[in-house]
Amino acid sequence: MTTSIEGRTALAAAVLALLGGAVYLLGLVLDAVSLLRFPEDAGRVAVHAAVDAVLASALLPGGVLLLRRQDAGRIGCVAGSAAALLATLASAALAAAGVTFGGPGDLAMGGLTALALVVPPALVTLALAVSAPAARWCTP
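Definitions and limits used
- Residues numbered from 1 in each chain as written.
- Predicted model: local features only at pLDDT ≥ 70, side-chain atom pairs only at ≥ 80, totals over all residues.
- Heavy atoms only, no water.
- Disulfide = S-S within 2.5 Å.
- Buried < 20%, exposed > 50% of the residue type's maximum accessible area, 1.4 Å probe, protein only.
- Core = buried A, V, L, I, M, F, W, Y, C linked by side-chain atoms within 4.5 Å.
- Helix = DSSP H or I, 4+ residues; strand = E, 2+ residues; numbered from the N terminus.
- Contact = heavy atoms within 4.5 Å.
- Expected span 1.5 Å × (residues − 1).
- Salt bridge = Lys/Arg side-chain N within 4 Å of Asp/Glu carboxyl O.
- Patch = residues over 30% accessible without salt bridge, like charges linked within 9 Å, V, L, I, M, F, W, Y side chains within 5 Å.
- Areas by Shrake-Rupley, 256 points an atom, 1.4 Å probe, with all protein chains shown as cover.

Enquirer: Can you walk me through the state of the cysteines in this structure?
Expert: Note on terminology: disulfide describes a covalent bond linking the sulfur atoms of two cysteines. A full pass over the atoms with the stated rule returns zero disulfides. The cysteine Cys-77 is free of any disulfide, with Cys-138 supplying the nearest cysteine sulfur at 8.6 Å. For Cys-138, a relative accessible area of 9% puts it in the buried group.

So this is what it looks like as structure tokens:
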């Protein structure tokens with residue numbers, strides 16, 4: 001069991017990255033189901049699936065590599081959490097502006113919910129991954 005500050009910081013970042021990656025991977029699976037169920041909504045689902053795939057492919061390997069004390073893991077965690085923040089903020093801004101993909105929809109509430117659910121853990125993951133203790137953890 002790791003008792004150092006460096007280890008606890010890096011492990012927390014890795015666990016959060018793995019949890020976030022798992023959520024985005026689940027989103028990708030649900031996008032595939034949605035595409036089969038609602039083929040008329042293919043454009044919106046394709047965009048959402050692409051974002052989910054990019055985020056899962058950054059966060060999952062980043063978390064695993066960070067657990068293995070590799071600096072590439074920190075980079076993956078930072079890139080994935082920063083991309084999650086940007087995607088969520090862009091989605092919320094577009095929803096607030098009334099811009100929708102594929103027709104009108106009630107996206108404003110969804111945008112606020114996404115902000116409340118995605119931004120806090122993504123910010124914590126980002127802060128932990130860029131911290132000096134996590135960097136020391138990865139240094140041989």
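So that's the structure; there's more coming.
Enquirer: Explain the nonpolar core here, please?
Expert: When a protein is soluble and globular, its nonpolar side chains tend to lie buried together. Membership of the largest hydrophobic core comes to 18 residues, with the highest contact counts inside it found for Ala-10, Tyr-24, Leu-66, Cys-77, Ala-84 and Trp-137. Listed by contribution, the elements that provide at least two residues to this core are helix 1 (5-37), helix 2 (42-67), helix 3 (71-96), helix 4 (107-130) and helix 5 (132-138). Sorting elements by how many residues they give to this core places helix 1 first, with five residues. Each residue touching Leu-66, except ones within four places of it in the same chain, is listed here: Ala-10, Ala-13, Ala-14, Gly-73, Arg-74, Cys-77, Trp-137 and Cys-138.

Enquirer: Help me understand helix 2, please; the structure alone is not making it clear to me.
Expert: Helix length check: helix 2, at 26 residues, gives a terminal C-alpha distance of 37 Å against a target of 38 Å (1.5 Å per residue), a fit within 8%. All buried positions along helix 2 are accounted for by Val-45, Ala-49, Asp-52, Leu-55, Ala-56, Ala-58, Leu-59, Gly-62, Gly-63 and Leu-66. Along its buried surface, helix 2 packs onto helix 1, helix 3 and helix 5. One or two steps after helix 2, the chain reaches Arg-69, where phi turns positive at roughly 65°.

Enquirer: It is not clear to me how the pattern of salt bridges should be interpreted in this structure. Could you clarify?
Expert: Pairs can form between side chains of opposite charge once their charged atoms are near each other. Counted by the stated rule, this structure contains three salt bridges. A salt bridge links Glu-6 to Arg-136; its shortest N-O distance comes to 3.0 Å. Here Arg-136 lies in helix 5 and Glu-6 lies in helix 1, a separation of 130 residues in the sequence. With a closest N to O distance of 2.8 Å, Asp-41 and Arg-44 form a salt bridge. Taking relative accessible area as the criterion, Asp-41 reaches 23% and is therefore assigned partly exposed. Classification of Arg-44 by relative accessible area gives partly exposed; the value is 35%.

Enquirer: Sorry, what's going on with helix 3 here?
Expert: For helix 3, spanning 26 residues, the distance from its first C-alpha to its last is 37 Å, which sits close to the expected 38 Å at 1.5 Å a residue. Taken residue by residue, helix 3 has Gly-73, Arg-74, Gly-76, Cys-77, Gly-80, Ser-81, Ala-84, Leu-85, Thr-88, Ala-92 and Ala-95 as its buried positions. Downstream of helix 3 by one or two residues, Gly-98 has phi in the positive range, about 85°.

Enquirer: Where do I start with a nonpolar patch on the surface in this structure?
Expert: A contiguous nonpolar patch, built from Leu-26, Val-29, Leu-30 and Val-33 and spanning about 370 Å² of accessible area, is present on the exposed surface. When you line up the elements, Leu-26 lands in helix 1.

From the geometry alone we can't say anything about function, so treat these as descriptive.
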